[in-house]
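Report on the structure
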Amino acid sequence: MSEITLVEAINLALAYEMRIDPNVVILGEDVAKNGGVFRATVGLLDQFGPDRVRDTPLAESMIAGLAVGMAIEGLKPVAEFQFMGFIYPAMDQIINHASRIRNRTRGRMSCPVVFRTPTGCGIHAPEHHSESTEALFAHIPGLRVVIPSSPARAYGLLLAAIRDPDPVIFLEPTRLYRWAKQEVENNGKALPLDVCFTLRSGDDVTLVTWGAMIKETISVTDKLAKEGISAEVIDVATIKPLDMETILASVEKTGRCIIIHEAARTCGVGAEISAQIAERALLSLKAPVQRITGYDTIVPYGRLEKYYLPNEDQIIEAVHQVMEYA
């Protein structure tokens with residue numbers, strides 16, 4: 001067991017699954033010779049050869065279409081898009097084909113493909129490199145949407161995604177790629193999909209988040225503890241389908257909930273979580289559900305990113321507001 005970063009955990013999981021399953025193949029822009037723009041696939045070409053680790057042209061629709069065809073014919077492709085902002089040309093193949101194969105064939109065929117891409121801002125990248133549009137894919141029946149927030153969860157969830165018989169959108173928070181190291185045992189043990197992870201237990205307020213915003217949320221929890229406020233932190237991890245049972249159980253315990261995400265506010269996943277809390281746990285609430293989110297704007301260029309991203313002060317202020325309710 002060694003301490004590794006999130007991006008190294010991605011590489012570790014890919015290598016493990018390729019060793020045990022010869023049907024797993026990797027394709028995408030610069031994933032082979034250069035090892036990926038963030039080095040997530042570095043060394044895999046040397047280990048598994050060009051038949052299983054393939055560079056593609058700069059054509060996202062083609063990458064997705066190839067991956068769908070490979071999956072239907074029995075392979076398990078892991079297709080990488082360099083940034084989430086590049087995935088839009090591939091949405092035709094993902095939405096019209098990958099997500100519908102099982103339904104279209106009445107269960108006779110499935111599409112075991114993983115679409116990987118970095119997501120989120122915070123690295124001073126140019127336009128199209130900082131998108132957080134997970135809600136677009138969460139809206140589509142037939143797709144799973146997974147966002148890990150630590151090296152251990154990245155390793156276990158990616159293994160589970162590759163082994164899943166249906167398509168998975170696997171979003172890797174760019175800001176967390178090398179943020180922290182964690183001990184990860186390369187034992188091939190997958191983590192469960194479709195469940196939330198409770199990272200901190202608390203009694204006063206539930207903080208629901210995912211992806212890179214875990215960083216600020218955990219930091220806030222430590223500061224709130226010094227004020228005598230006990231916050232429970234839930235990492236949603238699988239955006240679709242949502243594990244609302246874990247979230248509802250926490251809200252019923254604390255009576256207060258704040259949802260934090262960096263994606264734009266309108267029609268974000270936070271709105272869905274808030275709506276379900278209102279429908280199913282309204283009488284448990286001691287205060288209105290709050291959302292701390294990005295803005296309904298294009299993600300700005302690097303020098304303005306800090307004004308777009310939710311920050312610790314905003315989360316703390318929201319906690320103080322909900323704590324004022326009886």
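Nothing here was measured: the structure is a model prediction, and the numbers come from that model. What you see as residue numbers is a count from 1 along each chain, following the sequence as written. The model is predicted, so local features are restricted to residues of pLDDT at least 70 and side-chain atom pairs to those at 80 or more, both for listing and for counting; the totals for chains, interfaces and linings are taken over all residues. Heavy atoms throughout the structure, all of them, feed into the side-chain values; hydrogens and water do not.

Quick notes on helix 12 (residues 312-323)
Counting from the N terminus, the helices are the DSSP runs of H or I reaching at least four residues and the strands are the DSSP runs of E reaching at least two. To estimate how far a helix should reach, multiply one less than its number of residues by 1.5 Å. Relative to the 16 Å expected for 12 residues at 1.5 Å per residue, helix 12 spans 16 Å between its end C-alpha atoms, a close match to the ideal helical length. Burial status follows relative accessibility: with a 1.4 Å probe on protein chains alone, a residue under 20% of its type maximum counts as buried, one over 50% as exposed, and anything between as partly exposed. Along helix 12, the positions that sit buried rather than exposed are Glu312, Ile315, Ile316, Ala318, Val319 and Val322. Down the axis, helix 12 shows its buried residues gathered within 160° of arc, on one side only. Residues adjacent in sequence count toward polar contacts only when both atoms are side-chain atoms; beyond that, a polar contact is any pair of N or O atoms within 3.5 Å, and within protein one must be able to donate a hydrogen and the other to accept it. The residue sitting at the N-terminus of helix 12 and contributing the capping side-chain oxygen is Asn311; that oxygen lies 3.1 Å from the backbone nitrogen of Asp313. In this description, the arc belongs to the directions extending from the helix axis to the C-beta atoms.

Observations regarding the pattern of salt bridges
A carboxyl oxygen of Asp or Glu within 4 Å of a side-chain nitrogen of Lys or Arg is what we treat as a salt bridge. One pass over the full model with this rule turns up 14 salt bridges. Here Glu17 ties to Arg163 by a salt bridge, and the two come within 2.9 Å at their closest N and O atoms. Of the two residues, Glu17 sits in helix 1 (residues 6-20) while Arg163 sits in helix 7 (residues 151-163), which places them 146 residues apart along the sequence. Under the relative-accessibility criterion, Glu17 is labelled buried at 3%. Overall, the relative accessible area of 32% leaves Arg163 in the partly exposed class. A salt bridge links Glu262 to Arg175; the shortest N-O distance between them is 4.0 Å. Taken as a pair, Glu262 in strand 13 (residues 257-264) and Arg175 in the loop between strand 7 (168-173) and strand 8 (182-184) lie far apart in primary sequence, 87 residues in all. Salt bridges here are not isolated pairs; linked through shared partners, they connect Glu80, Arg116 and Glu172.

So, the packing of aromatic side chains
When two rings of Phe, Tyr or Trp (its six-membered ring) have centres within 6.5 Å they constitute a pair, described as stacked for plane angles under 30 degrees, edge-to-face for angles over 60, and tilted for the intermediate range. This structure, assessed with the given rule, holds five aromatic pairs. Geometrically, the ring pair formed by Phe83 and Phe86 is edge-to-face, given 5.5 Å between the ring centres and 70° between the ring planes. Residues Phe83 and Phe86 agree in their burial class; the two are buried. A ring is considered to have a charge above it if a Lys NZ or an Arg CZ atom is located within 6 Å of its centre and within 35 degrees of its normal. Lying over the aromatic face of Phe197, Arg153 brings its terminal NZ or CZ to 6.0 Å of the ring centre.

Looking at the nonpolar core
Buried Ala, Val, Leu, Ile, Met, Phe, Trp, Tyr and Cys residues that are joined via side-chain atoms within 4.5 Å together make up what is termed a nonpolar core. Among the nonpolar cores identified, the biggest contains 43 residues, and Ile94, Phe115, Phe137, Ile247, Ile273 and Ile277 are the most heavily contacted of them. Residue assignment for this core shows that the elements contributing at least two residues are helix 3 (60-72), helix 4 (91-96), helix 6 (134-138), strand 7, helix 9 (244-254), strand 13 and helix 10 (269-281). Considering every element that reaches this core, the biggest residue donor is helix 3, with five residues. In this structure Ile277 touches Met244, Ile247, Leu248, Val251, Cys257, Leu282, Leu285 and Val289, once residues within four positions along its chain are discounted. The next biggest cluster of nonpolar side chains, apart from the first, holds 41 residues, and it includes Val7, Val146, Leu176 and Phe197. Throughout, a contact is declared for two residues whenever any of their heavy atoms are within 4.5 Å.

Some words on helix 9
Within helix 9, burial applies to Met244, Ile247, Leu248, Ser250, Val251 and Thr254. Relative to the axis of helix 9, the buried residues are bounded by an arc of 160° and lie together on one face. One or two steps after helix 9, the chain reaches Gly255, where phi turns positive at roughly 80°.

A few points about the environment of Arg54
Positionally, Arg54 belongs in strand 3 (residues 53-55). Reaching out from Arg54, the side chain makes a polar contact with the backbone oxygen of Pro50 at a distance of 3.1 Å.

Observations regarding the sheet that holds strand 5 (residues 114-119)
Paired strands, in this sense, are two strands between which DSSP finds at least two bridges. Strand order in this open sheet of seven strands is 3-2-4-5-7-6-12, and the pairing throughout is mixed. Edge positions in the sheet fall to strand 3 and strand 12 (238-240), since each has one partner strand and no second. Looking at each pair of strands side by side, their axes are set apart by 20° on average, direction ignored. With five bridges connecting them, strand 2 (residues 24-28) and strand 4 (residues 76-80) associate as parallel partners. From the neighbouring strand, Gly28 faces strand 4, where its bridge partner is Glu80. Only the stretch in contact is used when fitting a helix axis, every axis being a line fitted to C-alpha atoms; angles between N-to-C directions are given from 0 to 180 degrees.

Concerning the environment of Phe86
Tracing the backbone through its elements, the reader meets Phe86 in the loop between strand 4 and helix 4. Sequence separation between Phe86 and Leu58 is 28 residues, and the spatial gap between their C-alpha atoms is 9.8 Å. Not counting chain neighbours up to four residues away, the residues in contact with Phe86 comprise Glu60, His128 and His129.

What to know about the packing of helix 1 against helix 7
Orientation of helix 1 relative to helix 7, taken along the N-to-C sense of each, is 35°, at an axis distance of 8 Å. Here helix 1 and helix 7 pass one another in a crossing that is right-handed. Counted together, Leu6, Ala9, Ile10, Leu12, Ala13, Leu14, Tyr16, Glu17 and Ile20 of helix 1 and Pro151, Ala154, Tyr155, Leu158, Leu159, Ile162 and Arg163 of helix 7 form the full contact between these two elements. Tallied by class, the residues present in the contact of helix 1 with helix 7 amount to 14 nonpolar, no polar and two charged. Should the near helix be turned anticlockwise from the far one by less than a right angle, the crossing is left-handed, and should it be turned clockwise, the crossing is right-handed. Under the grouping applied here, Gly and all other residues not named as nonpolar or charged are polar, the nonpolar ones being Ala, Val, Leu, Ile, Met, Phe, Trp, Tyr, Cys and Pro and the charged ones Asp, Glu, Lys and Arg.

Notes on the sheet that holds strand 13
Taken together, five strands build an open sheet; the order of strands is 9-11-10-13-14 and the sheet is mixed. Every interior strand has two partners, whereas the edge strands, strand 9 (197-200) and strand 14 (290-294), have only one. With strand direction ignored, the average angle separating the axes of adjacent strands in the sheet is 25°. Across three bridges, the pairing between strand 9 and strand 11 (residues 231-235) is antiparallel. Residue pairing in the sheet places Arg200 in a bridge with Val233 of strand 11. Taken strand by strand, helix 8 (residues 214-226) contacts strand 9, strand 10 (205-209), strand 11 and strand 13, and its axis lies near 165° from that of strand 11.

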